[in-house]
Amino acid sequence: MKTVVRNEQQLQKIRSSPGFIAALDQSGGSTPHALRDYGIKEGAWSNDEEMFALVHQMRTRIITSPAFDGERIIGAILFENTMDRDIEKQPTADYLWNVKRVVPFLKVDKGLAAEKDGVQLMKPIPQLAGLLDKAVSKRIFGTKMRSFIKQANAGGIKQIVSQQFELATQIIAAGLAPIIEPEVDIHCSEKAKAESLLKAEISKGLDQLPAENLVMLKLTLPAQDDFYAEFVKHPRVVRVVALSGGYSRDQANERLRRNHGIVASFSRALVEGLSAQQSDAEFNARFDRSIQSIFEASNT
């Protein structure tokens with residue numbers, strides 16, 4: 001089995017540099033919502049091609065902003081459509097690394113299956129091998145895949161983690177670094193119990209990995225501070241990152257500060273307050289404040 005050190009420089013940046021990961025991977029059903037939050041209403045496009053063109057304009061404005069820099073942002077998660085497009089005449093992943101020194105990741109899951117046993121597994125990914133080959137050819141460093149835990153159901157959580165690690169093994173074999181993301185619903189009535197069950201299953205999965213295999217973990221900010229501290233120090237974990245999960249940026253930052261060694265991988269909370277109607281000066285100033293607040297929370 002290959003280890004995931006295709007690009008040692010990128011690996012070391014993700015492993016040890018101060019900063020956080022920007023999640024720019026809303027896709028499919030979440031795309032119209034992301035555009036609405038940015039101030040573009042659904043009537044602004046008439047088909048998917050026009051919608052994705054608008055999304056890429058938004059992502060290009062975010063990535064090319066002077067505020068978006070490799071001193072504070074160590075990685076960025078893209079979805080496939082963004083990976084396939086260019087920014088300033090370079091493939092997006094190349095622009096991220098060559099110009100911004102930001103490590104590129106790719107969202108590879110195809111969304112969530114219907115809820116069963118208190119969880120939503122990932123839908124099947126029948127073309128995963130081809131997508132991973134394309135990601136390697138596009139100089140992507142790693143991948144991300146999301147599952148969703150709604151209840152503290154031991155059987156369901158075991159299935160979630162099993163599926164995540166099974167796919168992670170395939171991703172590692174392709175020479176990429178997988179981000180395992182079993183999100184826990186922040187509204188789960190037994191959130192702490194769900195997190196305890198999840199932690200136990202992830203620990204088993206990590207201990208069963210060959211020593212040279214490396215993964216990352218993207219987790220909901222836990223009910224108990226520093227609950228995932230052992231994962232931060234685990235030899236097979238490159239980095240533990242946190243999703244905002246529906247918390248506002250201020251709420252997420254406050255919780256993040258209390259979980260030492262974990263850095264942000266925020267999506268909605270990162271771009272909160274940005275709008276297509278803002279001037280570049282206003283957009284960049286607001287974005288800079290947002291990035292700085294998340295950077296400080298990630299590196300307390």
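Data block above holds the structure.
Okay, so let's go over this structure. Remember, it's a predicted structure, so these values are computed and weren't measured experimentally. (Residues numbered from 1 in each chain as written. Predicted model: local features only at pLDDT ≥ 70, side-chain atom pairs only at ≥ 80, totals over all residues. Heavy atoms only, no water.)

## Points about the packing of aromatic side chains
Piece 1. The full count for this structure, using the stated rule, is five aromatic pairs.
Piece 2. Between Phe 105 and Phe 141, the aromatic rings sit 5.6 Å apart at their centres with planes inclined by 85°, giving edge-to-face as the arrangement. In this pair, Phe 105 is assigned in strand E5 (residues 103–107) and Phe 141 in the loop between helix H6 (128–137) and strand E7 (142–149), connecting sequence segments 36 residues apart. As far as burial versus exposure is concerned, Phe 105 and Phe 141 are alike and both buried.
Piece 3. An aromatic cluster of at least three residues, connected via ring pairs, comprises Phe 227, Tyr 228 and Phe 231.
Piece 4. When the ring centre of Phe 283 is taken as origin, the NZ or CZ atom of Arg 61, which lies over that ring, is 4.1 Å away.
Piece 5. Sitting over the face of the ring of Trp 97, Arg 101 holds its NZ or CZ atom 4.1 Å from the ring centroid. (Phe/Tyr/Trp six-rings, centres within 6.5 Å; stacked < 30°, edge-to-face > 60°. Helix = DSSP H or I, 4+ residues; strand = E, 2+ residues; numbered from the N terminus. Buried < 20%, exposed > 50% of the residue type's maximum accessible area, 1.4 Å probe, protein only. Lys NZ or Arg CZ within 6 Å of the ring centre and 35° of its normal.)

## Here we look at unusual backbone geometry
Trans is the common state for peptide bonds, and a negative phi is the common state for residues other than glycine.
Piece 1. Located in the positive-phi region is Glu 88, a residue other than glycine, with phi close to 50°.
Piece 2. Within the secondary structure layout, Glu 88 lies in the loop between strand E3 (86–87) and strand E4 (90–91).
Piece 3. Using a relative accessible area of 55% as the deciding quantity, one classes Glu 88 as exposed.
Piece 4. We note that Arg 101 has phi near 60°; this positive angle belongs to a residue other than glycine.
Piece 5. Its place among the elements puts Arg 101 in the loop between helix H5 (92–98) and E5.

## Side note on the packing of helix H10 (residues 249–257) against helix H12 (residues 280–298)
Piece 1. It is the contact of H10 with H12, at a shortest axis distance of 8 Å, that shows an interaxial angle of 20°. Judged by the inter-axis angle, H10 sits roughly parallel to H12. Packed against H10, whose contacting residues are Arg 249, Asn 253, Leu 256 and Arg 257, the element H12 presents Ser 290, Ser 293, Ile 294, Ala 297 and Ser 298 at the interface.
Piece 2. Considering only residue class, the contact of H10 with H12 consists of three nonpolar, four polar and two charged. (Axes fitted to C-alpha atoms, helices over the stretch in contact; angles between N-to-C directions. Parallel < 35°, antiparallel > 145°, perpendicular 65-115°, else oblique. Contact = heavy atoms within 4.5 Å. Nonpolar A, V, L, I, M, F, W, Y, C, P; charged D, E, K, R; others polar.)

## Description of the environment of Asp 69
Piece 1. Examined against the element boundaries, Asp 69 turns out to sit in the loop between helix H3 (48–64) and strand E2 (73–78).
Piece 2. Under the relative-accessibility criterion, Asp 69 is labelled buried at 18%.
Piece 3. In this structure, the C-alpha to C-alpha distance between Asp 69 and Leu 96, residues 27 residues apart in sequence, is 9.2 Å.
Piece 4. Residue contacts for Asp 69: discarding those within four places in its chain leaves Lys 100 and Val 102.
Piece 5. A distance of 3.1 Å separates a polar atom in the side chain of Asp 69 from the backbone nitrogen of Arg 72. (Polar contact = N/O pair within 3.5 Å; in protein donor to acceptor, adjacent residues only side chain to side chain.)

## Quick notes on empty space enclosed by the protein
Piece 1. A complete count under the given rule lists one cavity of 30 Å³ or more for this structure.
Piece 2. Of the volumes computed, that of the largest cavity is approximately 40 Å³.
Piece 3. Ala 23, Leu 24, Gln 26, Met 58, Arg 59, Ile 62, Ser 267 and Val 271 together form the lining of the largest cavity.
Piece 4. Looking at the lining of the largest cavity residue by residue, the classes come out as five nonpolar, two polar and one charged. (1 Å grid on protein atoms, 1.4 Å probe; cavity = no way out; pocket = protein on both sides within 12 Å on 5 of 7 lines; lining within 4 Å. Points joined across faces, edges and corners; volume = space filled by probe spheres on them.)

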